[in-house]
Amino acid sequence: MLADYGFGSFLWTMFAFFFWFMLIWMFIACFADIFRRKDLSGGAKAGWVLLIFLLPLFGILIYLIARPSIVDAREMSGSAGQMQGAAGYSSADHFA
């Protein structure tokens, strides 16, 4: 049985593993992006999650095409820096 498992079968197994790993990674990344967005209401977030669960690959592709521009994404990531500055703590204070 193991003798029938050749190099071609090994390559197909690695391809299938890569595909499933990539799909799971895309699920996690899209869900994190959906729940991090502040411009979507709860119903819109639920709709995106439902679309991604019902049509996994196409739902992710539709979401990536329809997501906001990079300016909006920078505003979302900038809120973490504003919260840290508002707390009066800087990373330079760590070394002082």
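Look a little higher up for the structure.
Residues numbered from 1 in each chain as written. Predicted model: local features only at pLDDT ≥ 70, side-chain atom pairs only at ≥ 80, totals over all residues. Heavy atoms only, no water.

(A) Quick look at helix 3 (residues 56-66). Residues Gly59, Ile60 and Tyr63 constitute the buried set of helix 3. Taken down its axis, helix 3 places every buried residue within 100 degrees of arc, on the same side. Every exposed residue of helix 3 that faces more than 90 degrees away from the buried side is listed here: Phe58 and Ile65. Buried residues along helix 3 sit in contact with helix 1 (7-36) and helix 2 (42-54). (Buried < 20%, exposed > 50% of the residue type's maximum accessible area, 1.4 Å probe, protein only. Helix = DSSP H or I, 4+ residues; strand = E, 2+ residues; numbered from the N terminus. Arc of directions from axis to C-beta. Contact = heavy atoms within 4.5 Å.)

(B) Inspection of the pattern of salt bridges at higher detail. This model, assessed by the stated rule, comprises 2 salt bridges. The closest approach of N and O atoms between Asp33 and Arg67, which form a salt bridge, is 3.6 Å. Of the two residues, Asp33 is situated in helix 1 and Arg67 in the loop between helix 3 and helix 4 (70-86); the sequence distance between them amounts to 34 residues. Residue Asp33 is classed as buried on the basis of its relative accessible area, which comes to 9%. Taking the relative accessible area as the measure of exposure, Arg67 reaches 33% and is therefore partly exposed. In this structure, the salt-bridge partner of Arg37 is Asp39, at a minimum N-O distance of 2.9 Å. Owing to a relative accessible area of 7%, Arg37 belongs among the buried residues under this scheme. (Salt bridge = Lys/Arg side-chain N within 4 Å of Asp/Glu carboxyl O.)

(C) A look at the environment of Arg67. Expressed as a C-alpha distance, the spacing of Arg67 and Ile34, which sit 33 residues apart in the sequence, is 9.2 Å. Every residue in contact with Arg67, bar those within four places of it in the chain, is listed here: Asp33 and Arg37.

(D) The arrangement of the packing of aromatic side chains in detail. A full pass over the atoms with the stated rule returns 9 aromatic pairs. For the pair Phe17 and Phe21, a centre-to-centre distance of 6.3 Å together with 20 degrees between the ring planes defines the contact as stacked. You can see Phe17 and its partner Phe21 sitting in helix 1, 4 residues apart, about one turn around the helix. A relative accessible area of 55% means that Phe17 is categorised as exposed. The structure contains a cluster of three or more aromatic residues connected by ring pairs, namely Phe17, Phe21 and Trp25. (Phe/Tyr/Trp six-rings, centres within 6.5 Å; stacked < 30°, edge-to-face > 60°.)

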